[in-house]
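# Chain and residue survey
Listed here are the chains, written in short residue letters.
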Amino acid sequence: MSSVPQEMKDTSVACSKWLDAHYDPVANLYTFTSCIALSDLHGDGDNKLVVGDLGTGVCNMKLKVYRGTGLLSESTLLDLPTGLVSFLMDLHEPRTPAVAVASGPFIYVYKNLRPYFKFTLPSLEVNPLEQDVWSQAKEEMIDPMTLKEMLEGIRDKAEIPLSVRSLRYLMLDPQEMEAFVHLHKDQPIRRQTVITCIGTLKKNMADDDAVSCLVIGTENSDIYILDPEAFTILCKMSLPSTPTFMDVTGQFDVEFRITVACRNGNIYILRRDSPKPKYCIELSSHPVGLVRIGRNVVVGCTHETLHGYTQKGKKLWTAYLPAAVTTMALMDLPARAFQAVLVALANCEVHMYRDKNLICTIKTPDVVTSICFGRYGREDGTLLMTTKGGGLIVKILKRTAVFDDKDSAPGPPIAQSIRLNVPKKTKLYVDQTLRERENAVAMHRAFQMDLSRLRLATARAYVKALESSLTPVSESPTEPLKMNAVVQGLGPSFKLTLNIQNTAACRPVMNIAISFLYDENLYSMKTAFFKIPLLVPGLNYPIDTFVECLSDKGISDVIKVFVLREGRSAPLLTAHINMPKRHDLTL
Amino acid sequence: MGLFDKLTSWLGLKKKEVNVLCLGLDNSGKTTIINQLKPSNAQAQDIVPTIGFSIEKFKSSGLSFTVFDMSGQGRYRNLWEHYYKDGHAIIYVIDSGDKLRMVVAKDELDTLLNHPDIKHRRIPILFFANKMDLRDALSAVTVSQLLCLENIKDKPWHICASDAVKGEGLQEGVEWLQDQIRAMKT
């Protein structure tokens, strides 16, 4: 422990709620959350960590037991473990729990860390056609190639899938077939499924030290509940897909509820006396972790999200995570009535969520692959994690640690979630909504028709403006011009400035003239007609003229400006200048 | 105080009263240590986990000890601080075999040393690195390193390895404590 590396010391500062009890980066533990359990294996009040170690995935599968900081015992497992649970199977004193390790189609039960019982899943129905074909092969009525063709025919059509033996046979090279048939033809064909997940269910009492049944999910989409002592199948239920994660609550003899996340991306909730799922939650992406917290289900999904659902399948909330979820576990501290969800992420962090609020973040030196919270040794609040690199991390929750419910993730302020005092709905409002609901189609049509009319009217006006060159921008390809006009002065004389610009890329414009149209009783202009010089593209040409207002009755009119081209009667551009009223200075 | 008590204390016949707090995590051996320090005819046979706290009294060479044997269980540890004010000395017991919870022992010790009733007092602290009989027990030196005892500058402290079941190492510690208390009183 004196060799705790520097990085661990640094992280302890970041989250001062946890004490770093132990870190062994080379503990050689390769496992997942489904394969670890905390259990008082010897009934002495000193909880041990039981790990189903997957080793390299090919060899070195071991059942390891840790006590304190050291390895207490290890025994070899025959096959890869898929799940591990600790449960009390009888009422004998001393009350030492048994360990059940699921691997392949078997459950190995250990008592006092010694092999005690091996349960095998019932074998499945074999396709009679397949059986016939093999018996023919046995009597050497057909040669290996015919056998292969017939098996392929069965594989493509039959409802009952082929046995592992036939599938293996189909993969073989032709020269190996003869030997394979010879080796296997005398053994009966068996078809067996494998266990995908395992859990426990109290038999008839809710106490912590009550006898529990084993609940197993199989590749064949079935759920079995086993008797704790005789290991007979008490109950069988079917699912639409293969279960991957399972949570069981309740008591077998009273009422229970099994929440199963399946490989088809759905969560099914099974209850006592219902052989089919009672509720179904359809997820938007595949589940990677399932935790039941009180009456709610929290699911981590591949889309880097965490969803909360009620036990009837109603969605409560969604939290967005910074990285992919690697594993999840429940953090239950009954002494403080505290429950939270621990979510290990691929960015070397473990997040603690209470509802959708992130209440604590723990940084780890490596990616956590399995996580477990509970009583370890004599300490109730211990967090055990194993990492991708085979390390073991033990953290202890401080006695004085307080988790405030405030969300530590950045987000909208709390004020935003305070309910506003919205006034009651008036009768008028209710009537209006009713009317809207009843006549929705008619209203939508009327709106769409008016919208079309409006668009038509706009388009017509636009076309008309273009045709009569009423716009201040000319779009004609030979004379692309732009003009705007500014009126300055208070009156009676005004200065009128016209800014003309040639918007063409490189072509100059020539032979342009400007004329004004105005009421001669109201205004007089020094020159009502200009000739415009050559317009260089891109430059702005200001043209000034002066307008004298003749009336003193405080009225004003519009002066029209036309940009003309020599030899054409239609103007290129038209601008309407609203003249201001004159403000005579009283001298 | 009665007239007789006054008389005896004036004559120096009555022993000095010392309140000692016995602290440490659960299952570290506090009650066993106190039990060993009691006269042999008053010793209990079976030691059960203490609930809340228990008060034990024993006399030793001129001093009358009143020991508050506090429960070390997590849920009772918040009781400790209520007795800090009355304590004249502290015995802190550590399970040398429990490497995992050494951090918890350190955390509780740090909380104790930073408590306002303790922080500015020159209160002697005696550490027992208990359960030395265990095969994988840490040495007293390692325990003191793990608890960072060298950082305690303003209080006299002493650590001794002990085996409370056999009673080894206890007397050495208690003698150090007596010396400290005498030095403090005079």
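Small disclaimer: the values here were computed from a predicted structure and weren't measured.

Conventions and cut-offs
Residues numbered from 1 in each chain as written. Chains lettered and ligands numbered in written order. Predicted model: local features only at pLDDT ≥ 70, side-chain atom pairs only at ≥ 80, totals over all residues. Heavy atoms only, no water. Domains from an automatic or database assignment. Pairing = 2+ DSSP bridges. Helix = DSSP H or I, 4+ residues; strand = E, 2+ residues; numbered from the N terminus. Axes fitted to C-alpha atoms, helices over the stretch in contact; angles between N-to-C directions. Parallel < 35°, antiparallel > 145°, perpendicular 65-115°, else oblique. Left-handed = near helix turned anticlockwise from the far one by under 90°. Contact = heavy atoms within 4.5 Å. Nonpolar A, V, L, I, M, F, W, Y, C, P; charged D, E, K, R; others polar. Buried area = accessible area lost by both parts, 1.4 Å probe. Salt bridge = Lys/Arg side-chain N within 4 Å of Asp/Glu carboxyl O. UniProt positions renumbered as here; feature names shortened; annotations may be inferred. Buried < 20%, exposed > 50% of the residue type's maximum accessible area, 1.4 Å probe, protein only. Patch = residues over 30% accessible without salt bridge, like charges linked within 9 Å, V, L, I, M, F, W, Y side chains within 5 Å. Areas by Shrake-Rupley, 256 points an atom, 1.4 Å probe, with all protein chains shown as cover. Phe/Tyr/Trp six-rings, centres within 6.5 Å; stacked < 30°, edge-to-face > 60°. Lys NZ or Arg CZ within 6 Å of the ring centre and 35° of its normal.

## A closer look at the domain arrangement of chain A
- Here the domain parsing of chain A yields domain 1 (128-185) and domain 2 (473-578).
- For domain 1 of chain A versus domain 2 of chain A, the separation of C-alpha centres amounts to 96 Å.

## Focus: the sheet that holds strand 19 (residues 296-301) of chain A
Residue and element names in this part refer to chain A.
- The four strands lie next to each other as 18-19-20-21, forming an open sheet whose pairing is antiparallel. With partners counted over all chains shown, the strands left at the sheet margins are strand 18 (287-293) and strand 21 (315-320), one partner each. Shown here is a sheet whose adjacent strand axes are inclined to one another by a mean of 20 degrees, direction ignored.
- Summarising the sheet, strand 19 and strand 20 (residues 305-310) pair through six bridges and their orientation is antiparallel.

## Observations regarding the packing of helix 3 (residues 144-157) of chain A against helix 4 (residues 164-171) of chain A
Residue and element names in this part refer to chain A.
- Put simply, helix 3 and helix 4 touch, their axes get as near as 10 Å, and they point 120 degrees apart. As judged from the angle between their axes, helix 3 and helix 4 are oblique. As helix 3 packs across helix 4, the resulting crossing turns out to be left-handed. Of helix 4, the residues touching helix 3 (which contributes Pro144, Leu147, Lys148, Leu151, Glu152 and Arg155) are Ser166, Leu167, Tyr169 and Leu170.
- Taken together, the residues of the contact of helix 3 with helix 4 sort by class into six nonpolar, one polar and three charged.

## Some thoughts on the interface of chain B and chain A
- Between chain B and chain A, the contact holds 14 residues from the first and 14 residues from the second.
- Roughly 1400 Å² is buried in total at the junction of chain B and chain A, and carbon and sulfur atoms are behind 61% of that figure.
- When residues of chain B are sorted by the area they lose upon contact with chain A, B:Leu100, B:Val103 and B:Asp107 head the list and together hold 42% of the total.
- Run the count over chain B and chain A and you get four salt bridges.

## Some details on the UniProt feature "domain: Bardet-Biedl syndrome 1 protein GAE" (unreviewed entry) in chain A
- If you check UniProt for "domain: Bardet-Biedl syndrome 1 protein GAE" (unreviewed entry), the listed places come out as residues 481-582 of chain A in our numbering.
- A distance of 31 Å separates the end C-alpha atoms of residues 481-582 of chain A, which is 0% helix and 54% strand.

## Some thoughts on the UniProt feature "binding site: Mg(2+)" (unreviewed entry) in chain B
Residue and element names in this part refer to chain B.
- Taking the numbering used here, the UniProt-annotated feature "binding site: Mg(2+)" (unreviewed entry) corresponds to Thr31 and Thr50. In terms of the greatest pairwise C-alpha distance, the residues named above, spread along 20 residues, form a tight cluster of at most 7.5 Å across.
- By the element assignment, threonine 31 lies in helix 2 (residues 30-37).
- Threonine 31 has contacts with Ile47, Thr50 and Asp69, leaving out every residue within four places of it along the chain.
- In this fold, threonine 50 is placed in the loop between helix 2 and strand 2 (53-60).
- With a relative accessible area of 15%, threonine 50 lands in the buried category.
- Beyond its immediate sequence surroundings of up to four residues, threonine 50 is in contact with Thr31, Asp69, Ser71 and Gln73.

## Observations concerning the sheet that holds strand 8 (residues 106-111) of chain A
Residues and elements named next belong to chain A.
- An order of 6-7-8-9 is seen for the four strands of this open sheet, with the pairing classed as antiparallel. Two strands lie at the open edges of the sheet, namely strand 6 (83-87) and strand 9 (114-120), each paired on one side alone. Taking each pair of neighbouring strands and ignoring which way they run, the sheet shows an average axis angle of 20 degrees.

## Here's the deal with a nonpolar patch on the surface
Residues and elements named next belong to chain A.
- Nonpolar side chains collect at one region of the surface, where Met510, Leu534, Val536 and Leu539 lie side by side and expose about 340 Å² of accessible area between them.
- With respect to the helices and strands, the residue valine 536 is situated in the loop between strand 33 (529-532) and strand 34 (540-549).
- For valine 536, a relative accessible area of 36% gives the class partly exposed.

## Topic: the packing of helix 2 (residues 128-138) of chain A against helix 3 of chain A
All names here are of chain A.
- Their axes nearest at 10 Å, the elements helix 2 and helix 3 cross at an angle of 175 degrees. Compared by their axis directions, helix 2 and helix 3 come out roughly antiparallel. Facing Leu129, Glu130, Val133, Trp134, Gln136 and Ala137 of helix 2, the residues of helix 3 in contact are Leu147, Met150, Leu151 and Ile154.
- Classifying every residue of the contact of helix 2 with helix 3 by side-chain character gives eight nonpolar, one polar and one charged.

## Notes on the packing of aromatic side chains
- If you walk through the whole model with that rule in mind, you get 14 aromatic pairs over all chains.
- Taking 5.1 Å as the distance between ring centres and 25 degrees as the angle between the ring planes, the aromatic pair formed by A:Phe338 and A:Phe403 counts as stacked. Remark: A:Phe403 occurs in the loop between strand 28 (392-397) and helix 6 (427-438) and A:Phe338 occurs in strand 23 (residues 338-345); sequence separation between them is 65 residues.
- For A:Phe338, a relative accessible area of 9% gives the class buried.
- Consider the rings of B:Phe127 and B:Trp157, whose centres lie 6.3 Å apart with planes at 80 degrees: the pair is edge-to-face. Here the residue B:Phe127 occupies a position in strand 5 (residues 125-130), and B:Trp157 occupies one in strand 6 (residues 157-161), the gap between them amounting to 30 residues.
- In this structure B:Phe127 comes out as buried when scored by relative accessible area, which is 0%.
- The structure contains a cluster of three or more aromatic residues connected by ring pairs, namely A:Trp134, A:Tyr169 and A:Phe180.
- A:Arg165 extends its terminal NZ or CZ atom over the ring of A:Trp134, reaching a point 4.6 Å from the ring centre.
- In this structure, A:Arg272 is placed above the aromatic ring of A:Phe252, and the distance from its NZ or CZ to the ring centre is 6.0 Å.

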